[in-house]
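# Chain and residue survey
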Amino acid sequence: MTTNSPREFVTLLGGPLDGQQLEVTGWSDAERGTGVAHLTDRGAYGPGGRAMYGPDPADPFPFSTDRWVWEGDCP
């Protein structure tokens, strides 16, 4: 099945994944409001660690923003 829906991305700001893009095509508002803990070997916990990114708190719900800010690292 193919779709004509445009692909949607957020740009990650700050932290170990600064400047990278994450595809969020098809994510619900609730999923976009939660953010992501993205696996990376570049964070404070090395391989297997995660860098957490989420919507900028200054952006209004339903987070129509195209950027997410770094919230910290976790194991």
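Residues numbered from 1 in each chain as written. Predicted model: local features only at pLDDT ≥ 70, side-chain atom pairs only at ≥ 80, totals over all residues. Heavy atoms only, no water.

### Comments concerning the overall build of the protein chain
The secondary structure content of the protein chain amounts to one helix and five strands. When the elements of the protein chain are put in sequence order from the N terminus, they spell out β-β-α-β-β-β. When the backbone C-alpha atoms are referred to their principal axes, the protein chain occupies close to 40 × 35 × 20 Å. Relative to its full complement of 75 residues, the protein chain shows a buried share of 31%. Sequence-distant contacts in the protein chain: of pairs separated by 6 or more residues, those separated by 24 or more amount to 39%. Carbon and sulfur atoms provide 53% of the accessible area of the protein chain, an area that totals close to 4,900 Å². When the 5 positive and 11 negative side-chain charges of the protein chain are each reduced to one mean point, those points stand 5 Å apart. (Helix = DSSP H or I, 4+ residues; strand = E, 2+ residues; numbered from the N terminus. Buried < 20%, exposed > 50% of the residue type's maximum accessible area, 1.4 Å probe, protein only. Contact = heavy atoms within 4.5 Å. Areas by Shrake-Rupley, 256 points an atom, 1.4 Å probe, with all protein chains shown as cover. Lys, Arg positive; Asp, Glu negative; His and termini not counted. Charge placed at Lys NZ, Arg CZ, Asp CG, Glu CD.)

### Focus on the nonpolar core
The biggest cluster of nonpolar side chains holds eight residues, and these are V10, L12, L17, L22, V24, A51, Y53 and W68. At the level of elements, β1 (9-13) and β4 (49-55) are the ones that each hand at least two residues to this core. (Core = buried A, V, L, I, M, F, W, Y, C linked by side-chain atoms within 4.5 Å.)

### Remarks on the packing of aromatic side chains
Applying the stated rule across the entire model yields one aromatic pair. With a centroid separation of 5.8 Å and an interplanar angle of 50 degrees, the aromatic rings of W27 and W68 are classed as tilted. You can see W27 sitting in the loop between β2 (21-23) and α1 (29-34) and its partner W68 sitting in strand β5 (residues 67-74), a full 41 residues away along the chain. Judged by relative accessible area, W27 falls into the partly exposed class, the value being 27%. (Phe/Tyr/Trp six-rings, centres within 6.5 Å; stacked < 30°, edge-to-face > 60°.)

### Looking at the sheet that holds β5
Pairing within the open sheet is mixed, and its five strands lie in the order β2-β1-β5-β4-β3. The sheet terminates laterally at β2 and β3 (36-40), the two strands that pair on one side only. Each adjacent strand pair in this sheet contributes to an overall mean axis angle of 40 degrees, direction not counted. Taken together, the three bridges between β1 and β2 define a ladder with antiparallel strand orientation. Within β2, the residue paired with V10 across the bridge is L22. (Pairing = 2+ DSSP bridges. Axes fitted to C-alpha atoms, helices over the stretch in contact; angles between N-to-C directions.)

### Here's the deal with the environment of R50
Following the sequence through the fold, R50 ends up in strand β4. Distance in space between the C-alpha atoms of R50 and A37 is 5.5 Å, their sequence separation being 13 residues. Beyond its immediate sequence surroundings of up to four residues, R50 is in contact with A37, H38, L39, T40, G72, D73, C74 and P75. Here G48 takes part through its backbone oxygen, which lies 3.3 Å from a polar atom of the side chain of R50. (Polar contact = N/O pair within 3.5 Å; in protein donor to acceptor, adjacent residues only side chain to side chain.)

### Section: the pattern of salt bridges
Under the defined criterion, the tally for this structure stands at three salt bridges. Between R7 and E23 there is a salt bridge, with its nearest N and O atoms 3.3 Å apart. Here R7, found in the segment before β1, pairs with E23, found in strand β2; they are 16 residues apart in sequence, far enough to count as distant. (Salt bridge = Lys/Arg side-chain N within 4 Å of Asp/Glu carboxyl O.)

Read these as layout, nothing more, since geometry by itself doesn't imply function.
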